[in-house]
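Close look at the chain arrangement
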Amino acid sequence: MAPKLTMDKFASLCKRRGFVFQGSEIYGGIGGFWDYGPLGVELKNNIKRAWWKAVVQERPDVVGLDAAIVMNPRVWVASGHVETFADPMVDCKSCKRRFRADELAREHPEPEAAHGHRPAAYPTRCPDCGGELTTPRMFNLMFRTYVGPIDVEAEFTRAIAELQGEDWERASARIRDLKDELDRATAYLRPETAQGIFVNFDNVLTTSRKKLPFGIAQIGKAFRNEVTPGNFIFRDREFEQMEIEFFCRPGTDEEWHRHWVEERYNWYRRYGIREENLRVRRLDPDELAHYAKDTYEIEYLFPMGWSELEGIANRTDFDLKRHSEFSGRQLTYFDDETGEHIVPYVIEPSAGVDRCLMAFMMDAYDEEEVRGETRAVLRLHPALAPIKVAVLPLSRHEDLVPVARRVWDLLRPHFMTQYDDAQSIGRRYRRQDEIGTPYCVTIDFDTLQDEAVTIRDRDSMAQVRVPIANLVDALKERLADCL
Ligand code: GAP
């Protein structure tokens with residue numbers, strides 16, 4: 001069954017309920033940057049925790065890392081990103097719109113290009129106005145920054161002022177010097193977290209004393225100056241990745257590749273994504289990144305069609321060899337069995353947190369008829385749900401409030417909770433259903449007599465009465481999978 005949410009409806013739910021806001025909204029926003037609200041940050045944290053649990057905590061062979069976002073710029077020369085991390089960009093000469101030529105070719109294939117994933121030719125006409133498109137030029141997606149006290153604009157302004165009246169030769173020499181100075185200060189915001197792992201291979205190997213095969217996992221921000229960010233939070237300029245570099249003996253790489261595709265597919269199923277909305281696709285040879293021997297994508301059926309959630313690549317020994325070559329440091333593993341130094345092969349499962357958030361929410365979204373009304377419910381796995389328990393006094397009656405507050409105080413150390421006393425109890429249940437809260441605890445006038453409350457289940461809407469004294473245990477039992 002396809003998700004019932006359109007992209008617009010999903011974006012509106014995210015904003016209305018405080019999951020995702022447009023970045024810098026009060027200034028008109030900024031393309032490709034998003035802010036996560038009180039519920040969005042909880043959901044994101046829960047997704048990251050569920051990933052870490054599955055790939056680090058529960059496994060004997062993976063350890064974690066948190067590397068810096070800004071790295072020595074030679075890292076990106078060695079990795080190939082300076083040379084090849086670029087998309088073909090075209091502009092319409094009439095309406096001035098800018099496109100990614102490869103996407104345009106896929107979405108609006110011209111007759112001779114209407115086959116395969118990578119078309120043979122890029123379109124020449126604008127899909128919006130029919131105007132002529134420029135020839136494609138490659139645009140590097142890495143964000144540049146300058147490290148140290150250097151103000152590019154001020155430097156150039158001063159240089160231009162000083163050059164007034166200078167002869168051409170002196171002027172161009174001055175500009176060249178300035179360019180060299182800027183090049184020396186140039187750094188990049190990382191476009192993938194992976195490289196932080198490769199450059200720390202030796203540090204982690206010696207301190208963790210792991211034996212092959214073993215992996216290093218990392219979660220963190222990545223930045224890409226995408227030509228066309230879009231589809232809400234699907235393609236952003238700032239996003240978060242969850243990546244593992246799994247090092248293994250050459251020759252065992254294909255087996256480990258199969259292992260990780262299966263593991264990662266099962267992780268999405270474990271946290272509730274429906275089978276019919278999830279698929280694995282092997283990339284065609286002409287779709288592979290410059291470092292990959294083979295790649296599988298785990299794709300989700302988003303409203304715009306099947307699209308990548310996670311890539312699982314066989315990066316071979318490409319990165320370790322390149323970093324050895326460029327840094328002059330040996331990045332090898334001493335194999336006790338053979339007495340040889342070997343360069344391990346790498347399997348890389350790489351997932352996007354923002355895309356996971358979209359997929360988990362979209363897949364969990366459901367609508368059903370309840371007593372003649374439509375109930376919107378987010379059937380999130382309890383481990384992912386931003387709020388685990390809502391505390392709802394039947395009304396704001398002065399006798400109920402102190403008991404409800406006492407119950408809330410009792411629960412807060414154990415669960416992520418929300419207290420809600422605004423509007424009718426029915427509307428408050430609907431609000432909690434729509435944000436995926438698995439349990440609501442209701443305090444009513446009977447509570448004043450029997451010291452018991454009602455636990456209401458999000459999915460079945462069944463209600464049971466539980467003494468306040470047993471409430472924490474009763475909820476812990478129900479939420480066992482989250483703790
Ligand atoms: N280290 C390998 C790597 O970065 P990738 O396929 O470019 O591979 C991995 O990215 C994952 O990161 C993707 O599957 C996607 O979930 C996420 N991702 C990549 N670019 C993104 C973007 N612009 N916005 C949001 N998520 C993105």
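It should be noted that the structure appears before, not after, this text.
Quick summary incoming for the structure in this document. (Residues numbered from 1 in each chain as written. Predicted model: local features only at pLDDT ≥ 70, side-chain atom pairs only at ≥ 80, totals over all residues. Heavy atoms only, no water.)

**Structural notes on the sheet that holds strand β12 (residues 294-302)**
The strands that make up a sheet are held in pairs by hydrogen bonds between backbone atoms, and each pair lies either parallel or antiparallel. Spatial ordering of the open sheet is given by β3-β9-β10-β16-β13-β12-β11, a layout of seven strands whose pairing is mixed. Unpaired on one side and paired on the other, β3 (62-65) and β11 (278-282) mark the two borders of the sheet. Taking each pair of neighbouring strands and ignoring which way they run, the sheet shows an average axis angle of 25°. As defined by bridge partners, β12 adjoins strand β13 (residues 305-316) across nine bridges and the pair is classed as antiparallel. By the bridge assignment for β13, L301 is matched with W306. Strands β3, β9 (214-223) and β10 (238-248) of the sheet are contacted by helix α9 (residues 201-208), whose axis makes an angle of about 140° with β9. The strands that helix α10 (residues 253-270) touches are β3, β10, β11, β12, β13 and β16 (345-352); relative to β13, the one it contacts most, it runs at about 150°. (Pairing = 2+ DSSP bridges. Helix = DSSP H or I, 4+ residues; strand = E, 2+ residues; numbered from the N terminus. Axes fitted to C-alpha atoms, helices over the stretch in contact; angles between N-to-C directions. Contact = heavy atoms within 4.5 Å.)

**Some remarks on helix α11 (residues 318-327)**
Within the span of α11, buried status applies to D319, L320, H323 and S324. Angular distribution of buried residues about the axis of α11 spans 135°; they occupy a single face of the element. Where α11 ends, the next residue or the one after it, G328, has phi of about 80°, a positive value. (Buried < 20%, exposed > 50% of the residue type's maximum accessible area, 1.4 Å probe, protein only. Arc of directions from axis to C-beta.)

**Notes on the site of the ligand**
Of all residues adjacent to the ligand, which total 21 residues, the nearest are E192, R224, D236, E243 and E308. One of the backbone N or O atoms of F234 is found 3.3 Å from a nitrogen atom in the ligand. Taking G352, its main chain carries an N or O atom lying 3.0 Å from an oxygen atom of the ligand. Alone, the ligand offers 550 Å² of accessible surface; in the complex the protein occludes 91% of this. (Near = heavy atom within 4 Å. Polar contact = N/O pair within 3.5 Å; in protein donor to acceptor, adjacent residues only side chain to side chain. Areas by Shrake-Rupley, 256 points an atom, 1.4 Å probe, with all protein chains shown as cover.)

**Looking at the sheet that holds strand β21 (residues 439-443)**
With mixed pairing, five strands are arranged side by side in an open sheet as β20-β19-β21-β22-β23. Of all the strands in the sheet, the pair left with one neighbour each is β20 (417-419) and β23 (463-467). On average, each strand axis in the sheet is inclined to that of its neighbour by 25°, with strand direction left out of account. Across the sheet, helix α13 (residues 400-411) touches β19 (389-393), β20, β21 and β22 (452-457), and the angle it forms with β20 is around 165°. Across the sheet, helix α14 (residues 425-435) touches β19, β20, β21, β22 and β23, and the angle it forms with β19 is around 170°.

**Description of a nonpolar patch on the surface**
Taken together, the side chains of I69, V70 and V147 make up a nonpolar region of the molecular surface, amounting to roughly 220 Å² of accessible area. Counting through the fold element by element, V147 comes out in the loop between β7 (144-146) and α6 (152-163). (Patch = residues over 30% accessible without salt bridge, like charges linked within 9 Å, V, L, I, M, F, W, Y side chains within 5 Å. Salt bridge = Lys/Arg side-chain N within 4 Å of Asp/Glu carboxyl O.)

**Concerning the packing of α13 against helix α16 (residues 471-478)**
Look at α13 against α16: their axes get within 10 Å of each other, and the N-to-C directions meet at 50°. Classified by the interaxial angle, the pair formed by α13 and α16 is oblique. Pair α13 / α16 crosses with right-handed handedness. Residue-level contacts link V407, L410 and L411 of α13 to L471, V472 and L475 of α16. Of the residues that constitute the contact of α13 with α16, the class distribution is six nonpolar, no polar and no charged. (Parallel < 35°, antiparallel > 145°, perpendicular 65-115°, else oblique. Left-handed = near helix turned anticlockwise from the far one by under 90°. Nonpolar A, V, L, I, M, F, W, Y, C, P; charged D, E, K, R; others polar.)

**A short note on the packing of α6 against helix α7 (residues 168-185)**
α7 packs onto α6 with a crossing angle of 170° between their chain directions and a minimal axis gap of 10 Å. Classed by the angle they form, the pair α6 and α7 counts as roughly antiparallel. In the crossing of α6 with α7, the sense of the turn from one axis to the other is right-handed. Residue-level inspection shows V152, E155, F156, A159, E162 and L163 of α6 in contact with α7, the latter providing A171, R174, I175, L178 and L182. Here the contact of α6 with α7 is composed, by residue class, of eight nonpolar, no polar and three charged.

**Quick look at the nonpolar core**
W267, Y268 and F360 are the most contacted members of the largest nonpolar core, which totals 60 residues. Ranked by the residues each element gives to this core, the list is headed by helix α12 (residues 353-364), at nine residues. Once you skip the residues sitting within four places of it in the chain, Y268 turns out to touch I273, L278, I298, L309, E310, A351, C356 and F360. Counting residues in hydrophobic clusters, the runner-up holds 22 residues, among them L400, L411, V441 and V472. (Core = buried A, V, L, I, M, F, W, Y, C linked by side-chain atoms within 4.5 Å.)

**Comments concerning the packing of aromatic side chains**
Taken as a whole, this structure holds 17 aromatic pairs when the rule is applied. Ring centres of W267 and F360 lie 5.7 Å apart, and the angle between their planes is 75°; on these two criteria the pair is classed as edge-to-face. Of the two residues, W267 sits in helix α10 while F360 sits in helix α12, which places them 93 residues apart along the sequence. Both residues of the pair, W267 and F360, belong to the buried class. Over the face of the ring belonging to Y36 we find K44, whose NZ or CZ atom lies 4.0 Å from the ring centre. In this structure, R456 packs its charged tip against the face of Y429, placed 4.3 Å from the ring centre. (Phe/Tyr/Trp six-rings, centres within 6.5 Å; stacked < 30°, edge-to-face > 60°. Lys NZ or Arg CZ within 6 Å of the ring centre and 35° of its normal.)

**Remarks on the pattern of salt bridges**
Following the criterion strictly, the structure yields 52 salt bridges and no others. A salt bridge links R430 to D433; the shortest N-O distance between them is 3.7 Å. Here D433 and R430 lie together in helix α14, a separation of three residues that amounts to about one turn. R430 sits in the partly exposed class, given a relative accessible area of 23%. Close ionic contact of D459 with R458 constitutes a salt bridge, the shortest N to O distance being 2.8 Å. Look at the salt bridges and you will find they share partners, linking D366, E368, R375, R379, R430, D433, R456, R458 and D459 into a network.

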